[in-house]
Amino acid sequence: SRGRGLVIEFAFEPWRDPLVPGESVAVNGTCLTVVRCDSTRFTADVLRETEQRTGLAELKPGDKVNLERAMKSNARLGGHIVQGHVDGRGTLISKTPKGRDFALTFRCGRVIACGCVEKGSIAVNGVSLTVSGLGDDWFRVDVIPTTLRETNLGSLKVGDSVNLETDVL
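Residues numbered from 1 in each chain as written. Predicted model: local features only at pLDDT ≥ 70, side-chain atom pairs only at ≥ 80, totals over all residues. Heavy atoms only, no water.

Side note on the packing of aromatic side chains
Here comes step 1: Under the defined criterion, the tally for this structure stands at 4 aromatic pairs.
Here comes step 2: Between F106 and F139, the ring centres sit 5.3 Å apart and the planes meet at 25°, which makes this aromatic pair stacked. Of the two residues, F106 sits in strand β7 (residues 101-107) while F139 sits in strand β10 (residues 138-143), which places them 33 residues apart along the sequence.
Here comes step 3: An aromatic cluster of at least three residues, connected via ring pairs, comprises F10, F12, W15 and F42.
Here comes step 4: For K95, the ring lying beneath its charged end belongs to F102, and the centroid distance is 6.0 Å. (Phe/Tyr/Trp six-rings, centres within 6.5 Å; stacked < 30°, edge-to-face > 60°. Helix = DSSP H or I, 4+ residues; strand = E, 2+ residues; numbered from the N terminus. Lys NZ or Arg CZ within 6 Å of the ring centre and 35° of its normal.)

Thoughts on a nonpolar patch on the surface
Here comes step 1: Together, M71, L77, I81, V168 and L169 make up an exposed nonpolar region whose accessible area comes to about 530 Å².
Here comes step 2: Following the sequence through the fold, M71 ends up in the loop between β5 (67-69) and β6 (88-98). (Patch = residues over 30% accessible without salt bridge, like charges linked within 9 Å, V, L, I, M, F, W, Y side chains within 5 Å. Areas by Shrake-Rupley, 256 points an atom, 1.4 Å probe, with all protein chains shown as cover. Salt bridge = Lys/Arg side-chain N within 4 Å of Asp/Glu carboxyl O.)

As for the sheet that holds strand β1 (residues 6-11)
Here comes step 1: The 5 strands are arranged β1-β4-β3-β2-β5 in an open sheet whose pairing can be described as antiparallel. Of all the strands in the sheet, the pair left with one neighbour each is β1 and β5. Each neighbouring strand pair of the sheet contributes to a mean axis angle of 40°, computed without reference to strand direction.
Here comes step 2: Inspection of the sheet shows β1 paired to strand β4 (residues 41-46) by 6 bridges, in the antiparallel sense. Counterpart to E9 in the pairing with β4 is T43. (Pairing = 2+ DSSP bridges. Axes fitted to C-alpha atoms, helices over the stretch in contact; angles between N-to-C directions.)

Looking at the nonpolar core
Here comes step 1: Among the nonpolar cores identified, the biggest contains 20 residues, and F106, I122, V124, F139, V141 and L164 are the most heavily contacted of them.
Here comes step 2: At the level of secondary structure, the elements contributing two or more residues to this core comprise β7, α2 (109-114), β8 (121-124), β9 (127-134), β10 and β11 (161-166).
Here comes step 3: Look past the residues within four positions of F106 in its chain and what remains in contact with it is T91, L92, I93, V124, D137, W138, F139, V141, L156 and V162.
Here comes step 4: F10, F12, V27 and V46 belong to the second-largest nonpolar core, a separate cluster that totals 14 residues. (Core = buried A, V, L, I, M, F, W, Y, C linked by side-chain atoms within 4.5 Å. Buried < 20%, exposed > 50% of the residue type's maximum accessible area, 1.4 Å probe, protein only. Contact = heavy atoms within 4.5 Å.)

Here's the deal with the pairing of strand β3 (residues 30-37)
The side chains of a regular strand alternate, residue by residue, between the two faces of the sheet.
Here comes step 1: Sheet topology note: the strand β2 (residues 24-27)/β3 ladder contains 4 bridges and is antiparallel. Looking across to β3, one finds that V27 is bridged to T30.
Here comes step 2: The antiparallel pairing of β2 with β3 creates a hairpin that spans 2 residues between the two strands, and N28 there sits at a positive phi of about 50°.
Here comes step 3: In the sheet, β3 pairs with β4 via 3 bridges, with the strands oriented antiparallel.

Details of the side chain of E165
Here comes step 1: With respect to the element layout, E165 can be found in strand β11.
Here comes step 2: Buried charge without a salt bridge: E165, with R53 as the nearest opposite-charge side chain at an N-O distance of 11 Å.
Here comes step 3: Within the structure, E165 has its side chain in polar contact with the backbone nitrogen of Q83 (distance 2.8 Å).
Here comes step 4: Dropping the residues within four chain positions of it, E165 is found in contact with G29, V82, Q83, G84, H85, D87, I122 and A123. (Lys, Arg positive; Asp, Glu negative; His and termini not counted. Polar contact = N/O pair within 3.5 Å; in protein donor to acceptor, adjacent residues only side chain to side chain.)

Thoughts on the environment of F10
Here comes step 1: Mapped onto the secondary structure, F10 falls in strand β1.
Here comes step 2: Under the relative-accessibility criterion, F10 is labelled buried at 4%.
Here comes step 3: With residues near it in sequence (within four places) discarded, F10 still touches V27, L32, T40, R41, F42, L59 and V65.

Notes on the pattern of salt bridges
Here comes step 1: Enumeration according to the criterion identifies 11 salt bridges in this entry.
Here comes step 2: Between E58 and R89 there is a salt bridge, and its shortest N-O distance comes to 3.3 Å. Note that E58 is positioned in the loop between α1 (48-53) and β5 and R89 in strand β6, a separation of 31 residues in sequence.
Here comes step 3: Measuring nitrogen to oxygen at the nearest pair gives 3.9 Å for the salt bridge that ties R149 to E150.
Here comes step 4: The exposure class of E150 is exposed, given its relative accessible area of 55%.

So yeah, pure geometry; function would need other evidence.
So, in structure tokens, the structure goes:
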């Protein structure tokens, strides 16, 4: 819905603990505030800044997105600390099989590349991954089959855009 601003509704499999209005949910790595919700849907308002920095405005009904709830302070930390503050966009430039895994290479521009280190972390559409290769304006990550199957990274095609967040630490 557009009107006075972008409002998006997301459908999801029910979580054990129900969502509540005001809660933060990362959508493709973009932190959004739940405005309305029930057990299988939630609605979020999207700031114009968020529209310009992320790919949320490009979503079409039925597109698969990665959803992640905010971490509780007493929870186990897996992966790296992701804030849901997208630093910029990247474009998939190659998807190469490596045995059972895949190497995904993204063009990201110099600013994002400068925020990366090899063997450091980067979030691609909110998925925490390890940088396995790095250049002046690109990076590569190696992805296991489970990650490809359980996230929207598996459906990416060369030329597709993604949200990127470099490691805050």
